[in-house]
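Given next are the chains, with one letter for each unit.
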Amino acid sequence: MTENPAMNDPFTKTMLVSGRPVQTDSEGYLKNLNDWSEDFVRAQAQNEGLELTDEHWQLIRFLRDYYAEHGVQAQVRAMIWHFAECWGPEHGNNHYLHDLFPRGGPQKQGNRLAGLLKTKGEH
C-alpha cells in the first residue's frame, strides 16, 4: 500500500485491488464503503499478514450481513452467540474470535476486512 500523492490527506493510502485504486485510511479502513470486494479482503489481509480461512470468510460475511440487516456493526456478544451455534463452544467464543483476528479482534480487524467503519469509540 502506498500513499496517494494526489490526496491532501496524508493519512489516506491507496492500494491496487484487481487493477483499480482503492483508498483507505492509515489503518486500512475503506474511505468509500462501496469499494469493498472479496478482492479487497484478500489484498488487505495480505497487507496485515493474515492468511484467510473459511472461518475468516464466515465471520466477514456475518459482519456484512449483520450490518446490512441492522444498520450497525455487530457487537462481539452477537458474534459469540452466532458462532457458538455454528461452530460449537470451542470455537464460538471470544478468545477464538480474537485468535482469528489478532490485530484488534473481530470488531477492529474483522470490521476493517468486512469493509465497515471503525466501531464507536475506536481511535
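The rules behind the values
- Residues numbered from 1 in each chain as written.
- Predicted model: local features only at pLDDT ≥ 70, side-chain atom pairs only at ≥ 80, totals over all residues.
- Heavy atoms only, no water.
- Helix = DSSP H or I, 4+ residues; strand = E, 2+ residues; numbered from the N terminus.
- Contact = heavy atoms within 4.5 Å.
- Areas by Shrake-Rupley, 256 points an atom, 1.4 Å probe, with all protein chains shown as cover.
- Buried < 20%, exposed > 50% of the residue type's maximum accessible area, 1.4 Å probe, protein only.

**Q** I'm lost on the overall build of the chain in this one. Help?
**A** Looking only at helices and strands, the chain features five helices and three strands. Ordered by position from the N terminus, the helices and strands of the chain form the series β-β-β-α-α-α-α-α. Put simply, of all contacts in the chain between residues at least 6 apart along the chain, 43% involve residues at least 24 apart. A total of about 7200 Å² of accessible surface is found on the chain, and carbon and sulfur atoms cover 49% of it.

**Q** Would you mind going over the environment of I80 with me for this structure?
**A** Note on placement: I80 falls in helix α3 (residues 76-87). I80 sits in the partly exposed class, given a relative accessible area of 23%. Along the primary structure I80 and G92 are separated by 12 residues, whereas in three dimensions their C-alpha atoms are 5.4 Å apart. Dropping the residues within four chain positions of it, I80 is found in contact with G92, N93, N94 and L97.

**Q** What is the right way to look at unusual backbone geometry in this model?
**A** The general pattern is negative phi for most residues beyond glycine and trans for most peptide bonds. Here the phi dihedral of S18 falls at roughly 55°; this positive angle occurs in a residue that is not glycine. The residue S18 is located in the loop between β2 (13-17) and β3 (20-24) in this model. Judged by relative accessible area, which is 57%, S18 ranks as exposed.

Nothing here speaks to function; it is geometry throughout.
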